[in-house]
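An overview of the molecular structure
The lines below spell out each chain.
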Amino acid sequence: MEKQPRLLASQLFLKNSVFEVLLNGVLLTWKEIPANKKVVSGSIHHPFKVGTSHSVSVSEILAVRELDVGGGTNDDGRWQKMPQKLTEAYPYAFTVSYVERARQHRWRCSDVTFHCSDGALRQQWIQTIREQLTALTSRPKHLLVYINPYGGKQQGECIYEQKVAPLFACASISTDVIVTEHANHARDHLKTEAELKKYDGVVCVGGDGMFSEIVHGLVSRTQRDNGVDQNSPEEKLVPCSLRIGIIPAGSTDCICYATVGINDPVTSALHVIVGDSQPMDVCSVHHNNTFLRYSISLLGYGFYGDVLADSERKRWMGPARYDFSGFKTFLTHHHYEGAVSFLPATDILGTPRDKTRCRAGCFICQHNGQLYSGDSPDESKTAPDVSDREYEVGWGVVRGKFLAINAASMSCACPRSPMGLSPAAHLADGTTDLILVRKCSRFNFLRHLLRHTSKDDQFDMTFVEVHRVRRFRFTPRHCQNDSELDLRENGKQLFSQICRDHPACSCSPAYSSWNCDGEILPHAAIEVGVHCQLIKLFARGIEEQPLFEDLANPPCAL
Ligand SMILES: Nc1ncnc2c1ncn2[C@@H]1O[C@H](COP(=O)(O)OP(=O)(O)OP(=O)(O)O)[C@@H](O)[C@H]1O
Ligand SMILES: CCCCCCCCCCCCC/C=C/[C@@H](O)[C@H](CO)NC(=O)CCCCC
Ligand SMILES: [Ca+2]
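The rules behind each value
Residues numbered from 1 in each chain as written. Chains lettered and ligands numbered in written order. Predicted model: local features only at pLDDT ≥ 70, side-chain atom pairs only at ≥ 80, totals over all residues. Heavy atoms only, no water. Donors = N, O, S within 2.8 Å, 3.2 Å for Na, K, Ca; no water. Buried < 20%, exposed > 50% of the residue type's maximum accessible area, 1.4 Å probe, protein only. Disulfide = S-S within 2.5 Å. Near = heavy atom within 4 Å. Polar contact = N/O pair within 3.5 Å; in protein donor to acceptor, adjacent residues only side chain to side chain. Areas by Shrake-Rupley, 256 points an atom, 1.4 Å probe, with all protein chains shown as cover. Helix = DSSP H or I, 4+ residues; strand = E, 2+ residues; numbered from the N terminus. Nonpolar A, V, L, I, M, F, W, Y, C, P; charged D, E, K, R; others polar. Domains from an automatic or database assignment.

A closer look at the coordination of the calcium ion (ligand 3)
Distances from the calcium ion (ligand 3) to its protein donors, Asp 281 (OD), Ser 409 (O), His 426 (O), Asp 429 (OD) and Thr 431 (O), fall at 2.3 to 2.6 Å. For Asp 281, a relative accessible area of 1% puts it in the buried group.

So, in structure tokens, the structure goes:
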């Protein structure tokens, strides 16, 4: 039989007032007792003064600790200044650390200290709160942490030591920390060496590229342990059991931003501590039956591929490299020819033009997740060869000249674009939004780009179309033979050939490259499938904002 949570109610002192403090297994509530009703005296109160009430969900309590009133410090060694009168009359105190919501989805750690005159009563409170915290089985106890010291503004180690490690310590989470020494260090360690059984989760300190390393390490390890061949595009992949936490310290931080609502290290650390869980879709990318990479946020050919290719040469600029290369790529205005075939997700809830957004506890993700969790991403239909099976049942084909071909498996919201590339995309619905931007004037393309920074609909333009799909395939026009096409070699050769043939023309190169979550793919011809809810993050999705933000955690009038 399940143990009933213990109910505890006492009158305790807090900041010179008496509070009725209640713990019921779900909530910890403290409510000021109006002075005329107090059974204990100690402070001056107007009898009709309105008291305040606070509630904290037990699931959002980080820790409780004894406060050594006499010594003036708590067991963290932090100095506590208390009124002498209170110290003398109520020498037994304990501090509860809990999550408090601040502006723009930020979470902060707050402390509240209660005082009482009885040591046994204090022990009872501490013990009961600890029991209730121990009963929260989704909380991690032991974490493996990878820090990229070179991500973003190169602040990874400092952010972890100063902002995150103290919070993990406060919540009694133990960690094994690895500061990476080279690119793919974390991926390869996870793939082959890490003793994963020891941990309840993996945390990365860095940007989207670092997160991608963790995903590749964990997904590959899970497939290998389960005998699944990643090279087969039709294979159903086995979901990873360990959750991943992201402490943002990168340049774009779009995964963190779109799953938490802000790129803030303290907020992310608190989501890890409370043991949140957010499933996420992962796209597998193949070329000619060979596995290339996984993508969680953006797969972009044309504009975003070119921005990335250019910006990689300017890493020394830090996050500003994307603005510089973005502007330069916009001016070059290259378009690329090819054919996109795709399998629309027809049986699901939601469309890319919806006004509703994927938020914490998203019903659409739950519904579509159940629909897709049992079957393989291909739905037993293989991708048609666009050259001769154009009208394959269920598949659509679009040919033409494109400025950009983007697949957003989630909104891709980030500080640059708070609504994202596809504002109505879902984190865990088993689909990706395929956005095709056809060749148009620079002016129109600029209008389209600018709409990513406002609430205007970037898809409401004649040269843009968007499809919610389960699979897609891209074949560049100049690709004679998919298996032969290697961008690094053939693409460059072909481009230089075209430009030699037409020296005065401002023609576009034959190939762009795919930007796969910030990594360049070596092939232009790719096949993509969405794997519904393959991984889980220590996050809960973006919480709905309260109507009036200032009242996010209001003191209720009694
Ligand atoms: N010790 C290291 N030395 C060099 N490169 C590293 C090291 N550790 C990780 N990396 C690589 O650095 C790349 C960039 O890291 P990261 O994603 O953390 O920052 P970013 O690129 O600035 O941010 P974003 O990906 O959000 O744009 C990653 O692809 C990762 O593989
Ligand atoms: C003239 C004003 C134009 C404003 C246009 C703003 C549009 C911004 C959309 C941003 C979409 C970001 C998608 C995220 C991609 C990440 O997986 C990847 C790795 O971090 N970042 C980039 O490729 C970095 C890509 C940076 C692109 C600018
Ligand atoms: Ca999705």
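Some thoughts on the state of the cysteines
Counted by the stated rule, this structure contains zero disulfides. Residue Cys 254 stays outside any disulfide, its sulfur separated by 4.5 Å from that of Cys 412, the closest cysteine. Residue Cys 365 stays outside any disulfide, its sulfur separated by 3.7 Å from that of Cys 358, the closest cysteine. On the accessibility criterion, Cys 365 (5% relative accessible area) is buried.

Topic: the site of ligand 2
Near ligand 2, the surroundings consist of 17 residues, among which Asp 208, Thr 252, Ser 297, Asn 515 and Asp 517 are the closest. Contacts to ligand 2 include Asp 208, whose side-chain N or O atom sits 2.7 Å from an oxygen atom. Side-chain polar atom of Asn 515 to an oxygen atom of ligand 2: 2.8 Å apart, as the coordinates give it. Protein coverage of the free-state accessible area of ligand 2, which is 700 Å², stands at 86%. If one sorts the elements of the shell around ligand 2 by residue count, helix α11 (residues 442-450) sits on top with three residues. In terms of residue class, the shell around ligand 2 is made up of nine nonpolar, six polar and two charged. Two domains share the shell around ligand 2, each providing at least three of its residues, namely domain 2 (138-277 + 538-558) and domain 3 (282-294 + 329-530).

Observations concerning unusual backbone geometry
Its identity is not glycine, yet Asp 517 carries a phi of approximately 50°, on the positive side. Residue position: Asp 517 is located in the loop between β20 (514-516) and β21 (519-520). For Asp 517, a relative accessible area of 8% puts it in the buried group. Positive phi, close to 55°, is recorded for Gln 533, a residue that is not glycine. You can call Gln 533 partly exposed: its relative accessible area is 25%.

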